[in-house]
Amino acid sequence: MDIRQISYFLRVVEEGSVTRAAERLNIAQPTLSKSIKYLEHQLGVELFERLPRGVKLTVYGEKLLDHARHVEVQVGAAIKDLSGIKSGNVGKVRIGAGPSWLRRLLPQAIAEVLDERPDINVSVTGGFDEALLTDLSAGDLDFVIAELPLRGQEQDFCLEALTEDRLCICARAGHALQQEKDIPLAALQNLQWVLPSGATLARKKLDAIMLSHGLQLPKRVTESDSMSFILSLVRESDAVTYTITSALESQDGQGIIILDVPSVEAIRRAGLIFRNPVLLSPAVSFVVETVRKIAGNNPRN
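What counts as what
- Residues numbered from 1 in each chain as written.
- Predicted model: local features only at pLDDT ≥ 70, side-chain atom pairs only at ≥ 80, totals over all residues.
- Heavy atoms only, no water.
- Helix = DSSP H or I, 4+ residues; strand = E, 2+ residues; numbered from the N terminus.
- Rg over C-alpha atoms; globule rule 2.2 N^0.38 Å.
- Buried < 20%, exposed > 50% of the residue type's maximum accessible area, 1.4 Å probe, protein only.
- Contact = heavy atoms within 4.5 Å.
- Areas by Shrake-Rupley, 256 points an atom, 1.4 Å probe, with all protein chains shown as cover.
- Lys, Arg positive; Asp, Glu negative; His and termini not counted.
- Charge placed at Lys NZ, Arg CZ, Asp CG, Glu CD.
- Salt bridge = Lys/Arg side-chain N within 4 Å of Asp/Glu carboxyl O.
- Phe/Tyr/Trp six-rings, centres within 6.5 Å; stacked < 30°, edge-to-face > 60°.
- Lys NZ or Arg CZ within 6 Å of the ring centre and 35° of its normal.
- Expected span 1.5 Å × (residues − 1).
- Pairing = 2+ DSSP bridges.
- Polar contact = N/O pair within 3.5 Å; in protein donor to acceptor, adjacent residues only side chain to side chain.
- Axes fitted to C-alpha atoms, helices over the stretch in contact; angles between N-to-C directions.
- Parallel < 35°, antiparallel > 145°, perpendicular 65-115°, else oblique.
- Left-handed = near helix turned anticlockwise from the far one by under 90°.
- Nonpolar A, V, L, I, M, F, W, Y, C, P; charged D, E, K, R; others polar.

## Re the overall build of the protein chain
Counting its regular elements, the protein chain contains ten helices and eleven strands. Relative to its length of 301 residues, the protein chain is extended, with a C-alpha radius of gyration of 31 Å against a globular reference of 19 Å. Projected onto its principal axes, the C-alpha coordinates of the protein chain cover approximately 105 × 35 × 30 Å. Out of the 301 residues in the protein chain, the part that is buried amounts to 42%. Taking contacts inside the protein chain between residues at least 6 apart in sequence as the whole, the part at least 24 apart equals 75%. Within the structure as shown, the protein chain displays about 15800 Å² of accessible surface, and the carbon and sulfur contribution to it stands at 51%. Computing the positive centroid from 34 side-chain charges and the negative centroid from 38, the protein chain places the two 5 Å apart.

## Digging into the pattern of salt bridges
Throughout the structure, instances matching the rule amount to 21 salt bridges. The partner of Glu130 in a salt bridge is Lys204, with the nearest N and O atoms 2.6 Å apart. Residue Glu130 is found in helix α7 (residues 129–137), and its partner Lys204 is found in helix α8 (residues 201–212); the two are separated by 74 residues along the sequence. Look at Glu130 and you get partly exposed, because its relative accessible area is 37%. In this structure, Arg166 and Glu265 form a salt bridge, with 2.9 Å as the shortest nitrogen-oxygen distance. Taken as a pair, Arg166 in strand β6 (residues 157–172) and Glu265 in the loop between β10 (256–258) and β11 (266–275) lie far apart in primary sequence, 99 residues in all.

## Overview of the packing of aromatic side chains
Tallying each qualifying case throughout the model produces two aromatic pairs. Summarising the aromatic geometry, the rings of Phe9 and Phe48 are spaced 5.5 Å apart at their centres and angled 50° between planes, so their arrangement reads as tilted. Highlighted residues: Phe9 in helix α1 (residues 3–15) and Phe48 in strand β1 (residues 48–51), separated in sequence by 39 residues. The buried category is assigned to Phe9, whose relative accessible area is 0%. Residue class for Phe48 comes out buried when judged on its relative accessible area of 3%. The cationic tip of Arg117 hangs over the ring face of Phe286; the distance from NZ or CZ to the ring centre is 3.7 Å.

## Quick notes on helix α3 (residues 29–43)
With 15 residues, α3 extends 21 Å from end C-alpha to end C-alpha; this agrees with the ideal 21 Å at 1.5 Å per step. Positive backbone phi, at 75°, marks Gly44, one or two positions downstream of α3.

## Quick word on the pairing of strand β2 (residues 54–57)
The alternating pattern of β2 places Val55 and Leu57 on a buried face and Gly54 and Lys56 on a face that is not buried. When β1 meets β2, the two strands line up antiparallel, connected through four bridges. When the bridges of β2 are listed, Glu49 appears paired with Lys56. Hairpin geometry of β1 and β2 is characterised by an intervening segment of two residues between the two adjacent antiparallel strands.

## Points about α1
Here α1 spans 19 Å end to end across 13 residues, near enough to the 18 Å set by a 1.5 Å rise per residue. Where α1 is concerned, the buried positions are Gln5, Ile6, Tyr8, Phe9, Leu10, Arg11 and Val12. In this structure Asp2 caps α1, since a side-chain oxygen of it lies 2.8 Å from the backbone nitrogen of Arg4. Gly16 sits one or two residues past α1 and shows a positive phi near 70°.

## Here we look at the packing of helix α6 (residues 106–116) against helix α10 (residues 282–297)
In contact at an axis separation of 9 Å, α6 and α10 are set at 130° when each is read in the N-to-C sense. For the element pair α6 / α10, the angle class is oblique. In this structure, α6 crosses over α10, and the sense of that crossing is right-handed. Counted together, Leu106, Gln108, Ala109, Ile110, Glu112, Val113 and Glu116 of α6 and Phe286, Val287, Thr290, Val291, Lys293 and Ile294 of α10 form the full contact between these two elements. Considering only residue class, the contact of α6 with α10 consists of eight nonpolar, two polar and three charged.

## Description of unusual backbone geometry
The linkage connecting Asn276 with the following residue, Pro277, adopts the cis geometry, with an omega of 5°. One can find Pro277 in the loop between β11 and α10. Positive phi outside glycine occurs at Leu105, with the angle close to 70°. Position of Leu105 among the secondary structure elements: in the loop between α5 (99–103) and α6. Note on Leu105: relative accessible area 7%, which makes it buried. Residues other than glycine seldom take positive phi values, yet Asp182 does so here, at roughly 50°. Relative to the assigned elements, Asp182 resides in the loop between β6 and β7 (193–195).

Here's what the structure looks like:
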């Protein structure tokens, strides 16, 4: 059944006349009459009773009318939705975000997106590196914004650096080592540590640095996939952690200081990670552009 036939049928019903409906539709009356007759032929029933002046619905026409109105509404809604998706005004955007982005920059970007295009539906999944990349590869995320993967994974993803920050050893204010300068890494080896899992890039960097200094990896380690928990435990105990400096600017980072351990300092680059090849819907592209703009004004995260 042609959607246009449904529209013609409804206009004839509304006007009560094929002639008046043809004038409203700006088509020739014989063309409209032929369309209605063909629709009746397709359905095998008469939809209208022809009267001296106009037409009247038959029992079959009354039943079709119930469905035709719903069809026209649904088709109109579908066209509106497709138009919105094409323009980027509507659509679903699935983002995977590392802990630092959940605290800073990404909320600001999403707030701006929703202010300008409130019909975009955004979902954000928080997590650490490899878990997010697994979801991205599986198609469960449109893009990830987190620490950029180590060398060797570039062929699997398209990477775009947006920010960088410094990794360092942190402890609570008043920690016994707070006033110490140039602390040797060996002095921290047997302390209590609270760290993300060994699958994260920051943890891999810390492990590599310790091994390069001929040290064993920390044995007293509490692991968590929540940066809020990690920072809270550091603040409430003598445990130390390895994180970026901007983490201390969050509410969770209050009361935490950086220890002077030059041997473990490293630069962490973060940004956008896409599946290769990059295929983005208009809504996703709009969100990505907004993230780029926010990060451009805040290049440390």
